[in-house]
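Coordinate inspection notes
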Amino acid sequence: MRVLVTGGAGYIGSHTTLELLANGHHVVVVDYLSNSSAESLRRVAGLAERPVELVEANVGEAAALDAVFARFAPEAVIHFAGRKAVGESTRLPLLYYRENVAATITLLETMAVHDCRRIVFSSSATVYGSASEAPFAEDAPTAATNPYGRTKQMVEQILADAAAADPALSVAVLRYFNPIGAHESGLLGEDPKGVPNNLLSFVAQVAAGRRTGLQVFGNDYPTPDGTGLRDYVHVVDLAQGHLSALDRLGEGGGYRVWNLGSGRPASVLQVIEAYARAAGTRIPYRLVAARPGDVAASYADVTKAERELGWTAHRSLDQACADTARWQAGSPDGYAAG
Ligand code: UD1
């Protein structure tokens, strides 16, 4: 299939692009590299031993997007492009609504003009908020608690409305839990700019001596060790989930939502221990107050994805830590060194 991947140079996008190429699909990536690097795609092409084209454009630029559709005629779109930092979204909400919501409308309009009727959308478990308790099934109520989460919730609603109005439109919304890990080659991984927002990226930099100490946010949650429980899912498992979703989209129009998680909760302390084992080093940390807005536990009910997609996350937390440590050791400055 010809697949247009927006945000394909990013963390999950690059791993998914590699899986697509490895499975014989043709890929064009649209990415304006605001938080990613073309080097990731050079490495993807090297690993796949196949070319991948990068169009440097913002998905919200209708003319640039139209030109890509006219030339490449994609049969499906996987839409990763978007901003994803919770704190930034509270400071710059309009940027988030423009780049996550308005740009998706431009993308859907362009798809309609070019008769492209399949889309996989990167949503987030953050849409569940604190409206109910883990494990979250797809029919749990949604209640995002910050502008970033609300952009995901709004795009889900837009996609549902668009699918209801056009029976030929085939939509897969994938709600990711906490993506971690790296490609087993050590050549692809997460390359956060500045101070990492997410736990494992921070832990990896502390273990490598790039940051002095880790703060553990909260130790009196109602969880076995008092620290927050999350559902960490290996990025290569996630990437493969997109191919399973693409297969399902071929079965006809409609709007569908699947959780992509491991279904196995791990605490902050368990993550620190697993990474210390994988990297063979000590990881100093301090227990501090809970981070505002955090929930005690967030993990997936994965039965729907198992049943309907035939997909499960089979890579372990230990493997994800080992792969991240390999990536960290081989590319200590991420993609910057080329
Ligand atoms: C965060 C985002 C969420 C996003 C998700 C995936 C917030 C409030 N939520 O979720 O919207 O969808 O990432 O990218 O930012 N932790 C520490 N010390 C740290 C960093 C994290 O103890 O330095 C703890 C957190 O309190 C949490 C766990 O580690 O219990 C995971 O944190 P994080 O990686 O930021 O992910 P989420 O909070 O699940």
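Anything mentioned here points back to the structure above.
Residues numbered from 1 in each chain as written. Predicted model: local features only at pLDDT ≥ 70, side-chain atom pairs only at ≥ 80, totals over all residues. Heavy atoms only, no water.

**What to know about the overall build of the protein**
- Per the secondary structure count, the protein includes 11 helices and 13 strands.
- Scaling as 2.2 N^0.38, a compact globule of 338 residues should have a C-alpha radius of gyration of about 20 Å, and the protein matches this with 19 Å.
- Seen through its C-alpha atoms, the protein measures out along the principal axes to roughly 55 × 45 × 40 Å.
- Among the 338 residues that make up the protein, the fraction classed as buried is 54%.
- Long-range pairs, those at least 24 residues apart, make up 79% of the contacts in the protein with a sequence separation of at least 6. (Helix = DSSP H or I, 4+ residues; strand = E, 2+ residues; numbered from the N terminus. Rg over C-alpha atoms; globule rule 2.2 N^0.38 Å. Buried < 20%, exposed > 50% of the residue type's maximum accessible area, 1.4 Å probe, protein only. Contact = heavy atoms within 4.5 Å.)

**Quick word on unusual backbone geometry**
- With an omega of 0°, the peptide bond between Ala134 and Pro135 qualifies as cis.
- When you line up the elements, Pro135 lands in the loop between strand S5 (118-124) and helix H6 (147-165).
- Unusually for a residue other than glycine, Leu33 sits at a positive phi of about 60°.
- Mapped onto the fold, Leu33 is located in the loop between strand S2 (26-30) and helix H2 (38-48).
- Look at Asp115: it is not a glycine, yet its phi comes out positive at around 55°.
- Residue position: Asp115 is located in the loop between helix H5 (93-113) and S5.

**Some remarks on helix H11 (residues 317-330)**
- Compared with the 20 Å implied by 1.5 Å per residue over 14 residues, the 20 Å span of H11 between its first and last C-alpha is a close match.
- Taken as a whole, H11 has its buried residues at Ala320, Cys321, Asp323, Thr324, Ala325, Trp327 and Gln328.
- Where the residues of H11 are buried, they touch H2, strand S7 (178-180), helix H7 (199-207), strand S9 (229-234) and helix H9 (268-279). (Expected span 1.5 Å × (residues − 1).)

**Quick notes on H2**
- Where burial is concerned, most of H2 is hidden: eight out of the 11 residues are buried.
- The complete set of buried residues in H2 reads Ala38, Glu39, Ser40, Leu41, Arg43, Val44, Ala45 and Ala48.
- Where H2 is buried, its residues touch helix H1 (11-22), S2, strand S3 (53-55) and H11.
- Between the side-chain oxygen at the start of H2 and the backbone nitrogen of Glu39 there is a gap of 3.0 Å, and the oxygen is on Ser37.
- Backbone geometry just downstream of H2 places Glu49 in the positive-phi region, at approximately 55°. (Polar contact = N/O pair within 3.5 Å; in protein donor to acceptor, adjacent residues only side chain to side chain.)

**A word on the pattern of salt bridges**
- This model, assessed by the stated rule, comprises 17 salt bridges.
- Glu39 serves as the salt-bridge partner of Arg43, at 2.9 Å between the closest nitrogen and oxygen. With Arg43 and Glu39 both in helix H2, this residue pair falls four residues apart, about one helical turn. Across the pair, exposure class does not vary: Arg43 and Glu39 are buried alike.
- With its nearest N and O atoms 3.7 Å apart, the salt bridge here joins Glu308 to Arg307.
- According to the relative accessible area criterion, Arg307 is exposed, its value standing at 60%.
- Salt bridges linked by common partners bring Glu39, Arg42 and Arg43 together as one network. (Salt bridge = Lys/Arg side-chain N within 4 Å of Asp/Glu carboxyl O.)

**A look at the environment of Asn23**
- By secondary structure assignment, the location of Asn23 is in the loop between H1 and S2.
- A residue is classified by how much of its surface remains accessible, and Asn23, at 48% relative accessible area, is partly exposed.
- Within the structure, Asn23 has its side chain in polar contact with the backbone oxygen of Glu19 (distance 2.7 Å).

**Considerations on the packing of H5 against H6**
- One can describe the packing of H5 onto H6 by two numbers: an axis separation of 9 Å at closest approach and a directional angle of 20°. Regarding the angle of H5 to H6, the classification is roughly parallel. The crossing of H5 and H6 is right-handed. Residues Pro93, Tyr96, Tyr97, Asn100, Val101, Thr104, Ile105 and Leu108 of H5 pack against Pro147, Tyr148, Arg150, Thr151, Met154, Val155, Ile158 and Leu159 of H6. (Axes fitted to C-alpha atoms, helices over the stretch in contact; angles between N-to-C directions. Parallel < 35°, antiparallel > 145°, perpendicular 65-115°, else oblique. Left-handed = near helix turned anticlockwise from the far one by under 90°.)

**Regarding the site of the ligand**
- Taken together, 18 residues form the shell around the ligand, and within it Leu199, Gln215, Arg230, Arg291 and Asp294 come nearest.
- Between the ligand and Asn198 there is a distance of 3.1 Å, counted from an oxygen atom to a side-chain nitrogen or oxygen.
- In this structure, Asp294 approaches the ligand through a side-chain N or O atom, which is 2.6 Å from an oxygen atom.
- For the ligand, the protein covers 86% of the area, taking 740 Å² as the surface of the free molecule.
- Breaking the shell around the ligand down by element, the ones donating at least two residues are strand S8 (214-217) and S9.
- Split by residue class, the shell around the ligand holds eight nonpolar, seven polar and three charged. (Near = heavy atom within 4 Å. Areas by Shrake-Rupley, 256 points an atom, 1.4 Å probe, with all protein chains shown as cover. Nonpolar A, V, L, I, M, F, W, Y, C, P; charged D, E, K, R; others polar.)

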